[in-house]
Amino acid sequence: MTDQSDKKIAIETIDLLKRFDNEIVINKLNLRIPFGTSMGIMGPSGTGKSVLLKCILGLTEYEGDIFYEGTLLEKKNRGIFYKNFGMLFQGSALFDSLTVWQNIAFKLINSAKKISNSEAKEIAIHLLRDVGLDENVCKLMPSELSGGMQKRVALARALADKPSLLFFDEPTTGLDPLTSSSINELISTIVKRDNITSLIISHDPSSIIAICDEVIFIEDGKIGWRGKASKMKFSNHQLLKKYLGSLQV
Ligand SMILES: Nc1ncnc2c1ncn2[C@@H]1O[C@H](COP(=O)(O)OP(=O)(O)O)[C@@H](O)[C@H]1O
Ligand SMILES: [Mg+2]
């Protein structure tokens, strides 16, 4: 067990609070994600996991503070954060009208760097191999792929800009257990190999155990339990035990 207390912090939330009208969904949540750590956010449906991610990404208003590498994130400086992160959405969210390689290279083609189409395609093919797909897949449309292949392409797209941060919202939703476990393994291999700081939101403990170093279990908008993902099963926390028990983990 490594002590992470001396590691630099990539993302920190201080007293993060999110309300919708009178409903408080996130209640003064304090979270620290050290560099290179895969942090899992777990909890039953409707506990505010996706809302937490939206706050971190600046997609919704919130109260409290969010820091990125020690800098307070505000509307005017979110650019420092955006250029360093990749995101894998629930349901893959590929662009239907673009081929696989155009999906993967989307950010590269549309960035200020102005790389040529042939260069972008070459990078896309390299990334395809990285996520375990054959280069012939590059010319297919997303609708021609299985759910697992779509997730792999979405991961390749998220990796295209060499992010130092990766966010995943329910990365294995809609996949069968075998495909889920191969996607979990792929994510785990890539984030460790490239030392990417990652935040993985999932209601599925097997994803969290396969990918994450640390985990927080959200209860009533706060951290109900936190610890090593491998220790989760041995927790005495009442709701976490009940949650894991109901899933027979
Ligand atoms: N746009 C919205 N407007 C009002 N309430 C919302 C909105 N988005 C989320 N909520 C509330 O926040 C709660 C948490 O949502 P969410 O973060 O999506 O849950 P999950 O943990 O399943 O990802 C929901 O139960 C809902 O009550
Ligand atoms: Mg959600």
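Position labels on residues start from 1 in each chain and follow its written sequence. Chains and ligands are labelled by the order in which they are written, letters from A for the one and numbers from 1 for the other. Reporting in this predicted model follows two pLDDT cut-offs: at least 70 for local features of residues, and 80 or more for side-chain atom pairs to be given and counted; totals over whole chains, interfaces and linings ignore these cut-offs and use all residues. Only hydrogens and water are set aside when side-chain values are computed; all heavy atoms of the structure are taken into account.

## So, the site of ligand 1
Piece 1. Close to ligand 1 lie Phe20, Glu23, Val25, Pro44, Ser45, Gly46, Thr47, Gly48, Lys49, Ser50 and Val51, which account for all nearby residues.
Piece 2. Here a polar contact means two N or O atoms within 3.5 Å. Within protein one must be a hydrogen donor candidate and the other an acceptor candidate, and residues neighboring in sequence count only if both atoms are side-chain atoms. In this structure, an oxygen atom belonging to ligand 1 sits 2.9 Å away from a side-chain N or O atom of lysine 49.
Piece 3. Protein chains shield 59% of the accessible area of ligand 1, which is 570 Å² for the free molecule.
Piece 4. For the shell around ligand 1, the secondary structure elements donating two or more residues are strand E2 (23-34) and helix H1 (49-57).
Piece 5. Here the shell around ligand 1 takes 3 residues from H1, the largest share from any one element. We call a residue near a molecule or strand whenever a single non-hydrogen atom of that residue lies within 4 Å of it. Areas reported here follow the Shrake-Rupley algorithm with a probe of radius 1.4 Å; residue values treat only the protein chains shown as occluding. For the purposes of this entry, the term helix denotes a DSSP run of H or I that reaches at least four residues, the term strand denotes a run of E that reaches at least two, and both are numbered from the N terminus.

## Thoughts on helix H9 (residues 238-246)
Piece 1. Classification of residues uses two cut-offs on accessible area relative to the type maximum, computed with a 1.4 Å probe and protein chains only: under 20% is buried, over 50% is exposed, and between them is partly exposed. Taken as a whole, H9 has its buried residues at Leu240, Tyr243 and Leu244. When H9 is viewed along its axis, its buried side chains cluster within an angular range of 90° and face the same direction. The exposed residues of H9 that point more than 90 degrees off its buried face are Gln238, Lys242 and Ser246.
Piece 2. Here, two residues are considered to be in contact whenever any of their heavy atoms come within 4.5 Å of each other. Along its buried surface, H9 packs onto strand E3 (38-42), helix H8 (205-211), strand E9 (214-219) and strand E10 (222-228). Directions drawn from the helix axis to the C-beta atoms are what define this arc.

## Focus: the domain arrangement of the chain
Piece 1. If you check the domain split of the chain, you get domain 1 (1-84 + 164-249) and domain 2 (94-162).
Piece 2. Here the bounds of each domain stem from an automatic or database domain assignment. Inter-centroid distance (C-alpha atoms) of domain 1 to domain 2 is 26 Å.
Piece 3. Taken together, the 17 residues of domain 1 in the interface contact 12 residues of domain 2.
Piece 4. The junction of domain 1 with domain 2 conceals about 980 Å² of combined surface from both sides, 63% of it contributed by carbon and sulfur atoms.
Piece 5. Any carboxyl oxygen of Asp or Glu that lies within 4 Å of a side-chain nitrogen of Lys or Arg is treated as forming a salt bridge with it. Counting the contacts that link domain 1 with domain 2 gives 1 salt bridge.
Piece 6. Arginine 193 serves as the salt-bridge partner of aspartate 130, at 2.9 Å between the closest nitrogen and oxygen.
Piece 7. Where domain 1 meets domain 2, there are 3 residue pairs in polar contact (both at pLDDT 80 or more).
Piece 8. The set of elements that each furnish at least two residues to the side of domain 1 that touches domain 2 consists of strand E7 (165-169) and helix H7 (177-193). In this description, buried area is defined as the sum, over both parts, of the accessible area (probe of 1.4 Å) that is lost when the two are combined.

## Side note on the sheet that holds E9
Piece 1. Taken in spatial order, the 6 strands line up as E6-E7-E8-E3-E9-E10 in an open sheet, and their pairing is mixed. The sheet is open, and its two borders are formed by strand E6 (85-88) and E10, each paired with just one other strand. Geometrically, the sheet is characterised by an average inter-axis angle of 15° between neighbouring strands, direction not taken into account.
Piece 2. We call two strands paired when DSSP finds no fewer than two bridges between them. Pairing of E3 with strand E8 (residues 197-202), which is carried by 5 bridges, proceeds in the parallel orientation. Paired with methionine 39 across the strands is leucine 199, a residue of E8.
Piece 3. The strands that H1 touches are E3, E6, E7, E8 and E9; relative to E8, the one it contacts most, it runs at about 150°. In this analysis, axes come from line fits to C-alpha atoms, helices being fitted only over the stretch in contact, and the angle between any two N-to-C directions falls in the range 0 to 180 degrees.

## Things to note about the packing of aromatic side chains
Piece 1. Any two of the Phe, Tyr and Trp rings considered here, Trp counted by its six-membered ring, make a pair once their centres fall within 6.5 Å; the pair's planes then place it as stacked at under 30 degrees, edge-to-face at over 60, or tilted in between. Within this structure, the stated rule accounts for 8 aromatic pairs.
Piece 2. Where tyrosine 82 meets phenylalanine 85, the ring centres are 5.9 Å apart and the plane angle is 50°; that geometry is what we call tilted.
Piece 3. Overall, the relative accessible area of 34% leaves tyrosine 82 in the partly exposed class.
Piece 4. Members of the aromatic cluster, joined through ring pairs, are Tyr68, Phe81, Tyr82, Phe85 and Phe167.
Piece 5. In our convention, an over-ring charge means Lys NZ or Arg CZ found within 6 Å of a ring centre and within 35 degrees of that ring's normal. Between lysine 18 and the ring centre of phenylalanine 20, over which it is positioned, the NZ or CZ distance is 4.8 Å.
Piece 6. Here the basic side chain of arginine 157 rests over the ring of phenylalanine 95, its NZ or CZ set 4.9 Å away from the ring centre.

## Digging into the sheet that holds strand E4 (residues 63-68)
Piece 1. With respect to topology, 4 strands assemble into an open sheet ordered E2-E1-E4-E5, the strand pairing being antiparallel. Bordering the open sheet on either side are E2 and strand E5 (71-72), each of which pairs with just one other strand.
Piece 2. Sheet topology places strand E1 (residues 9-20) next to E2; 8 bridges connect them, and they run antiparallel. Its bridge partner being in E2, phenylalanine 20 is matched across the sheet by glutamate 23.
Piece 3. Docked against the sheet, H1 engages E1, E2 and E4, running at close to 115° with respect to E1.

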